[in-house]
Amino acid sequence: SQASFEEDNQKQAAVGRWKPLMPSQGSKEEAETGCQDAGGVGETQSAEQLNVSRLRSSSVEIREKGSEFLKEELHKAQKELKLKDKECERLSKVREQLEQELEELTASLFEEAHKMVREANTKQAASEKQLKEARGKIDMLQAEVTALKTLVITSTPSSPNRELHPQLQSPSKAGFRKGHGRNKSTSSAMVSAAGQNVTPQPVSHEHKEVDSILFAEFQAWKESPTLDKSCSFLDRIYREDIGPCLDFTKQELSELVRVAVEQNTLTIEPVASQTLPVGKVPAEECGGPKKCALSDLPRTCKHRITLGDSGNYYYISPSCRARITAVCNFFTYIRYIQQGLVRQDVELMYWEVMRLRREMSVAKLGFYPSEM
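This is a predicted model, so every value here is computed, not measured.

Another aspect to go through is the pattern of salt bridges. In the structure shown here, the tally under the stated rule is 14 salt bridges. In this structure, Arg258 and Glu262 form a salt bridge, with 2.4 Å as the shortest nitrogen-oxygen distance. One end of the pair is Arg258 and the other is Glu262, both in helix H7 (residues 251-263) and four residues apart, which spans about a single turn. For Arg258, a relative accessible area of 17% gives the class buried. Take Glu262: its relative accessible area is 24%, and that puts it in the partly exposed class.

Moving on, we get to a negative patch on the surface. Residues Glu61, Glu64, Glu68, Glu72, Glu73 and Glu80 make up a contiguous surface patch of negative charge. Along the polypeptide, Glu68 turns up in helix H2 (residues 28-154).

Here we come to the packing of helix H8 (residues 318-338) against helix H9 (residues 346-364). Remark: H8 packs on H9, axes separated minimally by 8 Å, with the N-to-C direction vectors making an angle of 165 degrees. What the angle tells us is that H8 and H9 run roughly antiparallel. With respect to the hand of their crossing, H8 and H9 are arranged in left-handed fashion. Contacts between H8 and H9 pair Ala322, Arg323, Ala326, Val327, Asn329, Phe330, Tyr333 and Ile337 from the former with Met349, Glu352, Val353, Leu356, Glu359, Met360, Ala363 and Lys364 from the latter. When the residues that make up the contact of H8 with H9 are grouped by side-chain class, the tally is 11 nonpolar, one polar and four charged.

So, about empty space enclosed by the protein. As enumerated under the stated definition, the model contains one cavity of 30 Å³ or more in all. What lines the largest cavity is Leu214, Glu217, Phe233, Arg236, Ile237, Tyr350, Met354 and Arg357. Contributions of two or more residues to the lining of the largest cavity are made by helix H5 (212-223), helix H6 (232-245) and H9. Split by residue class, the lining of the largest cavity holds five nonpolar, no polar and three charged.

Grouped together as the largest cluster of nonpolar side chains are 50 residues, with contacts concentrated most on Ile242, Val257, Leu266, Leu294, Ile305, Ile324 and Phe330. A per-element tally of this core places H8 first, with 11 residues.

Let us now look at a nonpolar patch on the surface. Residues Val362, Leu365 and Phe367 make up a contiguous nonpolar surface patch of about 320 Å² in total accessible area. Positionally, Leu365 belongs in the segment after H9.

Between H7 and H8, the shortest axis-to-axis distance is 9 Å and the interhelical angle comes to 25 degrees. Judged by the inter-axis angle, H7 sits roughly parallel to H8. Every pair of crossing elements has a handedness; the one defined by H7 and H8 is right-handed. In this structure, H7 contributes Val257, Val261, Glu262 and Gln263 to the contact, and H8 contributes Ile324, Val327, Cys328, Phe331 and Arg335. Class assignment for the residues of the contact of H7 with H8 results in six nonpolar, one polar and two charged.

Now for the packing of aromatic side chains. Any pair of aromatic rings gets described here by the distance separating the centres and the angle formed by the planes. Per the counting criterion, the structure on display carries eight aromatic pairs. Ring centres 5.2 Å apart and planes at 90 degrees place the aromatic pair Phe215 and Tyr350 in the edge-to-face group. Of this pair, Phe215 sits in helix H5 while Tyr350 sits in helix H9; the two residues are 135 residues apart in sequence, bridging distant segments of the chain. The residues Phe215 and Tyr350 share a single accessibility class, namely buried. Between Tyr350 and Trp351 the ring centres are 5.3 Å apart and the planes differ by 65 degrees, which places this aromatic pair in the edge-to-face class. Assessed through its relative accessible area of 1%, Tyr350 is described here as buried. Linked through ring pairs, Phe215, Phe218, Trp221, Phe233, Tyr350 and Trp351 together constitute an aromatic cluster.

Let us look at unusual backbone geometry. With a phi close to 60 degrees, Asn264 is a non-glycine residue in the positive phi region. Exposure remark for Asn264: the relative accessible area of 23% places this residue in the partly exposed category. One non-glycine residue, Asp296, lies in positive phi territory at about 60 degrees. Along the chain, Asp296 turns up in the loop between strand S2 (266-270) and strand S3 (303-307).

Rules used in this analysis
Residues numbered from 1 in each chain as written. Predicted model: local features only at pLDDT ≥ 70, side-chain atom pairs only at ≥ 80, totals over all residues. Heavy atoms only, no water. Salt bridge = Lys/Arg side-chain N within 4 Å of Asp/Glu carboxyl O. Helix = DSSP H or I, 4+ residues; strand = E, 2+ residues; numbered from the N terminus. Buried < 20%, exposed > 50% of the residue type's maximum accessible area, 1.4 Å probe, protein only. Patch = residues over 30% accessible without salt bridge, like charges linked within 9 Å, V, L, I, M, F, W, Y side chains within 5 Å. Areas by Shrake-Rupley, 256 points an atom, 1.4 Å probe, with all protein chains shown as cover. Lys, Arg positive; Asp, Glu negative; His and termini not counted. Charge placed at Lys NZ, Arg CZ, Asp CG, Glu CD. Axes fitted to C-alpha atoms, helices over the stretch in contact; angles between N-to-C directions. Parallel < 35°, antiparallel > 145°, perpendicular 65-115°, else oblique. Left-handed = near helix turned anticlockwise from the far one by under 90°. Contact = heavy atoms within 4.5 Å. Nonpolar A, V, L, I, M, F, W, Y, C, P; charged D, E, K, R; others polar. 1 Å grid on protein atoms, 1.4 Å probe; cavity = no way out; pocket = protein on both sides within 12 Å on 5 of 7 lines; lining within 4 Å. Points joined across faces, edges and corners; volume = space filled by probe spheres on them. Core = buried A, V, L, I, M, F, W, Y, C linked by side-chain atoms within 4.5 Å. Phe/Tyr/Trp six-rings, centres within 6.5 Å; stacked < 30°, edge-to-face > 60°.

Written out as structure tokens, the structure is:
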């Protein structure tokens, strides 16, 4: 197209440049007219050439600008394509990462679910086992509570039941029993207090008046019963009754007896003629049938005590036994109150506590019944 356009321009230029070789001699006017026509044709041809050159230059410029524009567009398209490739690559990596995380999460969830099922089965088995044990313990405790209530009803510090407690029988009757009787302070000390009681006087024959301070202390303790001796109720009784009542000549042994009474691990049993088991401490080192281990005086000892599981026997005189059992009776009664086994009015419980304090006061002065 461009080549044909140039050939046409060249042909036109060649035609415009043609001149006659010999002008006709017939007329000058025709020659002059011919010259003028030739000059006009030359000017036309030069204008056409100028236009052609302009068109040619403009087409070159257009072509160059179009080429540059196309290059820029191509460069932009390449850039966008690279960016899209990078984005696709990034999204592909994200998808792979998400798929991997999803697989790991699914596996961990299944593993955790299996673990929870195993733990639940284990806990269920342990709970069932504990439930069976708890039911067994409940049945046992209910039986113990029933027996203890029967004991409280039929045998109290003021009126013990000798049928339930053979150790309260006279030594002649107790001698027919094989071996020797053992009883913890929670029961022996409680019921053996009957030996200390002189013939009880009817309540109506006694004149009593409630001490407001002592009663207030007892009421405060009754609201939240505890065996902590830091409370005002027990602190007073420790100072006025328990401490003096358990203050014997042998101070070290007296302290051990007090701790055993507080912890409910003291045992009192009548003296038997059988030989001590192998491994027990000899009686001579802990007093003896003719010497009290607490007072360190020559006395006829009808009973002996053991402190916890030590296995040591300490022979005690009737007076020392009366003092120990008086304190044990007091602790047993307040333990009953603490455990909710005493169903009485507050004032009646207060007077029972005062009676037990009176027993400790009488015992610490050396008075004891002949049955001791």
